[in-house]
Amino acid sequence: MCGIAGLITKREDKQDLIKKMSERIKHRGPDGEGYFIDGDIALAHRRLSIIDLSTGNQPMFNEDETIVTVYNGEIYNYLELKQELISKGHVFNTSSDTEVLVHGYEEWKSELPKHLRGMFAFAIYDKNTKELFLARDNFGIKPLYYAYMNNTFMFASEIKAFLDLPDFKKEFNDSILQAFLEFSFVPTNETFFKGVYRLDAGSTLIYKDGSITIDKYFKLDFKEENQSFDSAVDMIANIMNDSVKHHLLSDVEVGSFLSSGIDSSYLVSLAKPNKTYTVGYDIDKYDEVKYAKDLADKLNITNKSKIITKEEYMNSLNDIFYYLDEPTSDPAAISLYFVAKLASNDVKVVLSGEGADEFFGGYNIYRYDVDLGIYNKLPYFIRHFFSNIAKLLPEFKGINFLIRRGEKPENYYIGVNRNFSEKMARKVLKEKYPLKGIDVAKEVYQEYSDFSDINKMQAIDINYWLMKDILLKADRMTMASSLEGRVPFIDKEVFNVAKTLPIEYKVTKENTKVALREAAKKVIPTEAYKKKKLGFPVPIREWIKDEDVYSEIYKTLNNEVANKYFDTKVLNKMLWQHKNNKKDNYRKIWTIFCFLKWYDIFFKEEND
């Protein structure tokens, strides 16, 4: 795992600038650095040594040094690709997976990413054509941002690499603020830094002579196949065995995160790493440590754990939002930060269980479509009438049920963890912003218009919740501790199995991830395969009511920036309601608080 950066500019101080970019992302690769400067282009690489420790340094070249690459990630099928390329006449000088990229580009050009199985973000520069080629993996496991400002093209693993460039203009982009509130993270390829974009997952970018061309090489597809349940379970078991085997490929020790749930328990039971890591909290229902230790003991492996205190959690926020680059109110980001720090004391690589819910149908909301309860048996036009009435009413417990059951997903569903309703977001914001949550999701709904409602919801959750929140925090929080996180569920071969499953093998009236649970049951020696989803449970709901946290949040919700963008009277009412147990507003409060903390780190000086 590494960090990459680069720029194309006419400026004479490219060497100083590329080193500044590299220094900003040093945490991604503290084991080494490498540079390439030629004419107008400068590339940088920060290395975290995982494979081919002795000869895997970057930038890396082809035989005549006309093709050069800097790359972040792991290519899990690189040994197979290497043999294929050797058979076509290519000569390899290292044992690194990186070299597959330069020879693969020679052979396949822009089709290269379609041949790769893994997680990656890379840049390839062709000296002969003066063309820069960028690519990002199918599901966006590894990040890549770019901007074109003042005739300078720049790219990097993290936005912060741009901050020291004289041609970079740092300007807050408020146009996506309402969409952020509704999603609770940045759901667009446009970022809060005006002019900075993330390259979308499964996409390539070609830059040449001031022109940017973006192409999408991978799109999600769902193709249900007629198969028996037992056959489906066997396919899942086989592909997960295969994926874990590939994700264990390393020249250094691989550990694993371990919670109390099925996903990480399944991975650990398959991989049996010597070291596992768990975090918890000193409130019983938020503590997963005892469950993780029980599984580790049964597998005869080590489990190290840490209880995160309220004070540690709150004091870590500034560091965390700096590393994140983009704001998110997902409380699990902080848990990930601490479990990554714990693991980094022992290992450089860990397995993690992200992606199983999105691929295999792990969210309870998916069950509504198959749960034919009394209300669902009412004719749609009646439910739709009640839904329209509910939209006009103030928020109350159960209102979302009425709205959801009387609407098609494309009219309301923007993700499993939707935060603010459109109505409430507009109430809390001082200005009206052009981009609503449902506008963001419109493109996905158009693409999947002929699919089932559950497939539509899965497509939304994979494209937004998984790609733009879960994987962002997983990458940033592991890289903050110079740790490589690997996600065996988020593998293109695993998805090729998951996409064929009939709906009833994903969700039923009684359960979620039905076929996956059955496959996991065969190898997990505890009853973790039965557990309901907890994610990374965090006691924010309770802590906000404590005087110390309440006071900090109150102060933040009434600062200068809060007054600029939000109706603070509404914010204060929401906070009071929550503290006094009148209404559970913790997610909305925490979202705005996190945004303001993030803003303070990256944009505060502009308002001083």
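Everything below is about the structure printed above this text.
The shown structure was predicted, so the numbers you read here are calculated from the model rather than taken from an experiment.

1. Considerations on the overall build of the protein chain
Working step 1: When its secondary structure is counted, the protein chain shows 23 helices and 17 strands.
Working step 2: Here the protein chain has a C-alpha radius of gyration of 24 Å; the compact-globule value for 608 residues is 25 Å, and the two agree.
Working step 3: Oriented by its inertia axes, the alpha-carbon framework of the protein chain measures out at about 70 × 60 × 45 Å.
Working step 4: Counting every position in the protein chain, which comprises 608 residues, the buried fraction comes to 61%.
Working step 5: Residue pairs at least 24 apart in sequence account for 72% of intrachain contacts in the protein chain once pairs closer than 6 positions are excluded.
Working step 6: By element, 47% of the accessible surface of the protein chain is carried by carbon and sulfur atoms, the whole surface being about 23700 Å².
Working step 7: Averaging the locations of the 86 positively and 92 negatively charged side chains of the protein chain gives two centres separated by 6 Å.

2. Concerning unusual backbone geometry
Working step 1: Put simply, Q58 and P59 share a cis peptide bond, and its omega is 0°.
Working step 2: With a phi close to 50°, N150 is a non-glycine residue in the positive phi region.
Working step 3: As for its placement among the helices and strands, N150 is situated in the loop between β8 (145-149) and β9 (152-156).

3. Quick look at the nonpolar core
Working step 1: In this structure, F122, Y266 and F359 are the most contacted members of the largest nonpolar core, which totals 95 residues.
Working step 2: Element by element, the count of residues in this core is highest for helix α16 (residues 453-479), at eleven residues.
Working step 3: Apart from the residues within four sequence positions on either side, F122 is in contact with I4, T69, V70, Y71, L101, L112, P113, L116, F133, L134, A135 and L144.
Working step 4: A5, L181, V279 and A343 belong to the second largest nonpolar core, which has 88 residues in total.

4. Let's talk about the pairing of strand β14 (residues 275-281)
Working step 1: Across the seven residues of β14, six count as buried, placing the element largely inside the fold.
Working step 2: Sheet analysis places strand β13 (residues 254-257) next to β14, joined by two bridges and oriented parallel. Within the sheet, the bridge partner assigned to F257 lies in β14 and is Y277.
Working step 3: The parallel pair β13 and β14 is bridged by helix α6 (residues 262-271), and the resulting crossover is right-handed.
Working step 4: Judged from the seven bridges that link them, β14 and strand β15 (residues 302-308) form a sheet pairing that is parallel. Bridge pairing in β15 places Y281 opposite I308.

5. A few points about the sheet that holds β14
Working step 1: Taken in spatial order, the five strands make up an open sheet running β15-β14-β13-β16-β17, and their pairing is parallel. Edge positions in the sheet fall to β15 and β17 (484-486), since each of these pairs with one other strand and no more. Direction aside, the axes of adjacent strands within the sheet are offset by 30° on average.

6. What to know about helix α15 (residues 437-447)
Working step 1: If you check which residues of α15 are buried, you get G437, I438, V440, A441, V444 and Y445. Projected onto a plane normal to the axis of α15, the buried residues spread over an arc of 145° and lie on a single side. Facing away from the buried surface of α15 by more than 90 degrees, the exposed residues are E443 and Q446.
Working step 2: Where α15 is buried, its residues contact α4 (177-183) and α16.

7. As for the side chain of D97
Working step 1: Relative to the elements of secondary structure, D97 occurs in the loop between α2 (78-87) and α3 (98-108).
Working step 2: With near-sequence residues (within four places) excluded, D97 lies in contact with Y71, G73, E74, I75 and Y78.

8. Here we look at helix α10 (residues 332-344)
Along an α-helix, a turn takes 3.6 residues, which lines up residues three or four apart on a common side.
Working step 1: The end-to-end C-alpha separation of α10 is 18 Å, in line with the 18 Å expected for 13 residues at 1.5 Å each.
Working step 2: The buried count for α10 comes to eleven of 13 residues, which makes it a mostly enclosed element.
Working step 3: Those residues of α10 not exposed but buried are A332, A333, I334, S335, L336, Y337, F338, V339, A340, L342 and A343.

9. A few points about the sheet that holds strand β5 (residues 67-75)
Working step 1: Strand order in this open sheet of six strands is β4-β5-β6-β7-β11-β12, and the pairing throughout is antiparallel. Each end of this open sheet is capped by a strand with a single partner; those strands are β4 (60-61) and β12 (211-216).
Working step 2: Here strand β11 (residues 203-208) runs beside β12; their pairing, made up of six bridges, is antiparallel. When the bridges of β12 are listed, I206 appears paired with T213.
Working step 3: Where α3 meets the sheet, its contacts fall on β4, β5, β6 (118-126) and β7 (131-136), and the angle it forms with β5 comes to roughly 125°.

10. Considerations on a nonpolar patch on the surface
Working step 1: A contiguous nonpolar patch, built from Y148, I212 and I214 and spanning about 250 Å² of accessible area, is present on the exposed surface.
Working step 2: I212 gets classed as partly exposed once you look at its relative accessible area, which sits at 32%.

11. Here we look at the environment of P187
Working step 1: Relative to the helices and strands, P187 is located in the loop between α4 and β10 (196-198).
Working step 2: It is 8.9 Å that separates the C-alpha atoms of P187 and A441, two residues lying 254 residues apart in sequence.
Working step 3: The residues contacting P187, other than those within four sequence positions of it, are A179, F180, V440, Y464 and K468.

12. A closer look at the environment of I592
Working step 1: Assignment of secondary structure puts I592 in helix α23 (residues 586-603).
Working step 2: Beyond its immediate sequence surroundings of up to four residues, I592 is in contact with L181, F420, V428, L557, F566 and L571.

13. Regarding the pattern of salt bridges
Pairing of side chains with opposite charge becomes possible as their charged atoms draw close.
Working step 1: A complete count under the given rule lists 44 salt bridges for this structure.
Working step 2: One salt bridge in this structure joins D475 and R476, with 3.3 Å as the shortest N-O distance.
Working step 3: Owing to a relative accessible area of 2%, D475 belongs among the buried residues under this scheme.
Working step 4: Residues joined in a network through salt bridges with shared partners are R28, K142, E158, K160, D325, D475 and R476.

Basis of the calculations
- Residues numbered from 1 in each chain as written.
- Predicted model: local features only at pLDDT ≥ 70, side-chain atom pairs only at ≥ 80, totals over all residues.
- Heavy atoms only, no water.
- Helix = DSSP H or I, 4+ residues; strand = E, 2+ residues; numbered from the N terminus.
- Rg over C-alpha atoms; globule rule 2.2 N^0.38 Å.
- Buried < 20%, exposed > 50% of the residue type's maximum accessible area, 1.4 Å probe, protein only.
- Contact = heavy atoms within 4.5 Å.
- Areas by Shrake-Rupley, 256 points an atom, 1.4 Å probe, with all protein chains shown as cover.
- Lys, Arg positive; Asp, Glu negative; His and termini not counted.
- Charge placed at Lys NZ, Arg CZ, Asp CG, Glu CD.
- Core = buried A, V, L, I, M, F, W, Y, C linked by side-chain atoms within 4.5 Å.
- Pairing = 2+ DSSP bridges.
- Right-handed = clockwise from strand over helix to strand, strands pointing away.
- Axes fitted to C-alpha atoms, helices over the stretch in contact; angles between N-to-C directions.
- Arc of directions from axis to C-beta.
- Expected span 1.5 Å × (residues − 1).
- Patch = residues over 30% accessible without salt bridge, like charges linked within 9 Å, V, L, I, M, F, W, Y side chains within 5 Å.
- Salt bridge = Lys/Arg side-chain N within 4 Å of Asp/Glu carboxyl O.

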